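So you can see what is in the structure, the chains are spelled out below.
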Amino acid sequence: MDFEQSPDHFVGTARVGGKPKKAPVPVKIIVAGGFGVGKTTTVGAISEISPLTTEAEMTSESVGIDDPGQATMKTTTTIAMDFGVLTIDQTLKLYIFGTPGQSRFAFMWDDLIKGALGALVVVDTARIDDCYPAVDYFERAGLPFVVGVNTFNGQMNYNLEEVRWALAVREDVPVLSFDARFRASVRDALLVVLDQALDKAIRARST
Amino acid sequence: MTYPDPDDAAHPARPSVRPFLQSGPSSAGGYRPLPSSEPPAEDQATTLRPFVITSGRTDGADPDIGMETQVTVNHAAMPMRLSPEMRAIVALCGEPHSVAEISARLRLHLGVTRILVGDLRAAGQLDVHVLDNETPDPETIMRVIRGLRAIT
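Residues numbered from 1 in each chain as written. Chains lettered and ligands numbered in written order. Predicted model: local features only at pLDDT ≥ 70, side-chain atom pairs only at ≥ 80, totals over all residues.

## Re the overall build of chain B
A tally of helices and strands in chain B yields 5 helices and 3 strands. Its helices and strands taken in sequence order, chain B reads α-β-α-β-α-α-β-α from the N to the C terminus. Within the span of chain B, comprising 152 residues, buried residues form 28% of the whole. Across chain B, the fraction of contacts at a sequence separation of at least 24, relative to all contacts at a separation of at least 6, is 66%. (Helix = DSSP H or I, 4+ residues; strand = E, 2+ residues; numbered from the N terminus. Buried ≥ 20, exposed ≤ 12 C-beta atoms within 10 Å, placed from the backbone. Contact = placed C-beta atoms within 7 Å.)

Below, the structure written as structure tokens:
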């Protein structure tokens with residue numbers, strides 16, 4: 001995104017005056033899913049910076065890792081979380097956090113979903129059950145979420161109705177397919193998440 | 001924000017902090033080896049190492065400080081002696097940054113970052129911009145939707 005960096009707006013004047021820049025309001029969307037389903041690709045496709053990685057502590061035994069190629073090698077006690085940023089305007093920033101979808105990471109989800117707009121659960125049809133814990137958790141937490149089947153290899157082993165049946169998500173939870181490699185595709189998936197978030201926010205206001 | 005007193009024998013700062021980091025009930029006689037019933041927790045060393053920067057504290061992070069919470073430097077703050085990690089955080093926050101960005105850019109553990117940011121806030125060095133309403137309002141969501149639609 002280039003338009004927010006137009007040089008003669010208040011980016012420049014804030015420095016001349018020596019005044020601290022006003023901090024933007026942050027909002028966030030969670031991208032959850034099993035190992036290797038394309039979370040980082042999803043985050044990277046939409047983020048205006050290359051995804052950053054932060055490490056969080058993992059107290060339980062770490063068996064799985066975020067790379068199916070080295071599944072037996074890693075024994076560290078920290079887990080990496082990728083995230084990206086999208087500047088909506090000078091006062092609003094969207095953060096996209098990719099988080100492992102396994103239940104043993106649930107200890108960090110409480111923190112993560114606090115104030116989140118919603119979640120995109122990324123699914124690989126070869127390993128649908130990887131995302132059960134995330135779906136369970138978001139359902140119980142009342143966080144709006146969307147199931148996104150990543151078609152990164154150009155094919156799906158099951159159609160969307162079959163995925164919906166396998167996940168047993170409520171009728172009002174959208175199940176869609178997208179391609180994590182393409183920005184427009186990720187954008188459209190996130191727009192569906194935001195639609196759900198908007199519905200919830202409007203319902204919350206009217207009650 | 002209160003932190004447990006590490007010298008308070010009745011309430012050790014943290015049960016899993018390795019014994020020599022806190023004075024135990026019988027510390028009057030100086031260092032004593034642990035009774036053999038408590039084997040040294042070797043696996044905890046790797047877990048705790050990042051928290052040496054926080055003097056072993058792993059809790060006490062301000063619950064207000066989320067991963068996306070924006071942090072800026074407080075230009076009116078009095079200069080004070082800071083650890084290298086804290087200096088790096090203050091230097092970075094000349095521009096607004098989220099806690100997660102600070103953690104990633106300085107390669108600091110996320111939990112450590114939250115504690116240090118909380119300390120710097122308490123010391124008046126940083127402004128932590130806590131949102132008034134935790135749940136996003138429809139207007140904000142509409143702005144995000146419009147912003148996303150605008151990208152190609």
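## A look at the overall build of chain A
Counting its secondary structure elements, chain A contains 6 helices and 7 strands. Across the 207 residues in chain A, those meeting the buried criterion constitute 41%. Within chain A, contacts between residues at least 6 apart in sequence are counted, and of these 74% link residues at least 24 apart.

## Comments concerning the interface of chain B and chain A
Buried accessible area, meaning the area lost when the parts come together, often serves as the stated size of an interface. In this assembly, 38 residues from chain B lie in contact with 39 residues from chain A. Looking at the side of chain B that touches chain A, the element that brings in the most residues is helix α5 (residues 138-150) of chain B, giving 10 residues. When its residues are assigned to classes, the side of chain B that touches chain A shows 15 nonpolar, 16 polar and 7 charged. (Nonpolar A, V, L, I, M, F, W, Y, C, P; charged D, E, K, R; others polar.)

## Points about the pairing of strand β6 (residues 145-150) of chain A
All names here are of chain A. Counting buried residues along β6, 6 of its 6 residues qualify, which places the element largely inside the surrounding structure. Here strand β5 (residues 118-123) runs beside β6; their pairing, made up of 5 bridges, is parallel. Within the sheet, the bridge partner assigned to Val123 lies in β6 and is Val149. Once you follow β5 into helix α4 (residues 132-141) and on to β6, the crossover reads as right-handed. Note that β6 and strand β7 (residues 175-178) share 4 bridges and pair parallel. Within the sheet, the bridge partner assigned to Val149 lies in β7 and is Ser177. (Pairing = 2+ DSSP bridges. Right-handed = clockwise from strand over helix to strand, strands pointing away.)

## A short note on the sheet that holds strand β1 (residues 70-73) of chain B
Adjacent strands of a sheet pair through backbone hydrogen bonds, lying either parallel or antiparallel. Residues and elements named next belong to chain B. The strand order β2-β1-β3 describes an open sheet built from 3 strands, whose pairing is antiparallel. Taken across any chain shown, the strands that pair with only one partner, and hence form the sheet edges, are β2 (97-98) and β3 (126-129). Two strands pair when backbone bridges link them, and β1 and β3 are joined in this way by 4 bridges, in the antiparallel orientation. For Gln70, the partnering residue across the bridge sits in β3 and is His129. Those strands touched by helix α4 (residues 110-122) are β1 and β3, and its axis lies near 115° from that of β3. (Axes fitted to C-alpha atoms, helices over the stretch in contact; angles between N-to-C directions.)

## Looking at α5 of chain B
All names here are of chain B. Taking 1.5 Å of rise per residue, 13 residues should cover 18 Å, and α5 covers 18 Å from first to last C-alpha, within 8% of that figure. Those residues of α5 that sit buried are Thr140, Ile141, Val144 and Leu148. All buried residues of α5 project into a common sector of 100° when viewed along the axis, lining one side. Facing away from the buried surface of α5 by more than 90 degrees, the exposed residues are Glu139, Arg146, Arg149 and Ala150. (Expected span 1.5 Å × (residues − 1). Arc of directions from axis to C-beta.)

## Comments concerning the nonpolar core
All names here are of chain A. Ile29, Ala119, Leu120 and Val121 are the most contacted members of the largest nonpolar core, which totals 72 residues. The element best represented in this core is helix α6 (residues 183-206), accounting for 8 residues. Apart from the residues within four sequence positions on either side, Leu120 is in contact with Ile29, Val31, Val146, Gly148, Ala189, Leu190 and Val193. (Core = buried A, V, L, I, M, F, W, Y, C linked by C-beta atoms within 7 Å.)

## Side note on the environment of Thr140 of chain B
Note on placement: Thr140 of chain B falls in helix α5. You can call Thr140 of chain B buried: it has 20 C-beta atoms within 10 Å. With 69 residues separating them along the chain, Thr140 of chain B and Val71 of chain B place their C-alpha atoms 20 Å apart. Ignoring anything within four residues of it in the chain, the contact list for Thr140 of chain B reads Val25 and Val27 of chain A.

## Let's talk about the confidence of the model for chain A
Close inspection of predicted coordinates is inappropriate for parts of the model with low pLDDT. For chain A, per-residue confidence averages 80 on the pLDDT scale, and 76% of positions sit at 70 or higher. In this model residues 67-77 of chain A is a low-confidence stretch, pLDDT under 50, and it forms 14 contacts with partners more than four residues away in sequence or in other chains. (pLDDT = per-residue confidence, 0-100.)

## Concerning the packing of helix α2 (residues 84-92) of chain B against α4 of chain B
All names here are of chain B. It is the contact of α2 with α4, at a shortest axis distance of 10 Å, that shows an interaxial angle of 75°. One element, α2, and the other, α4, form an angle in the roughly perpendicular class. On the side of α2, the interface is formed by Glu85, Met86, Ile89 and Val90, while α4 contributes Leu116, Val117 and Leu120. Here the residues of the contact of α2 with α4 are counted per class, giving 6 nonpolar, no polar and 1 charged. (Parallel < 35°, antiparallel > 145°, perpendicular 65-115°, else oblique.)

## Details of the pairing of β5 of chain A
Residue and element names in this part refer to chain A. Most of β5 sits inside the fold, with 6 of its 6 residues counted as buried. Neither face of β5 is exposed, since Gly118, Leu120 and Val122 on one face and Ala119, Val121 and Val123 on the opposite face are all buried. Note that strand β1 (residues 25-33) and β5 share 5 bridges and pair parallel. Residue pairing in the sheet places Ala32 in a bridge with Val121 of β5.

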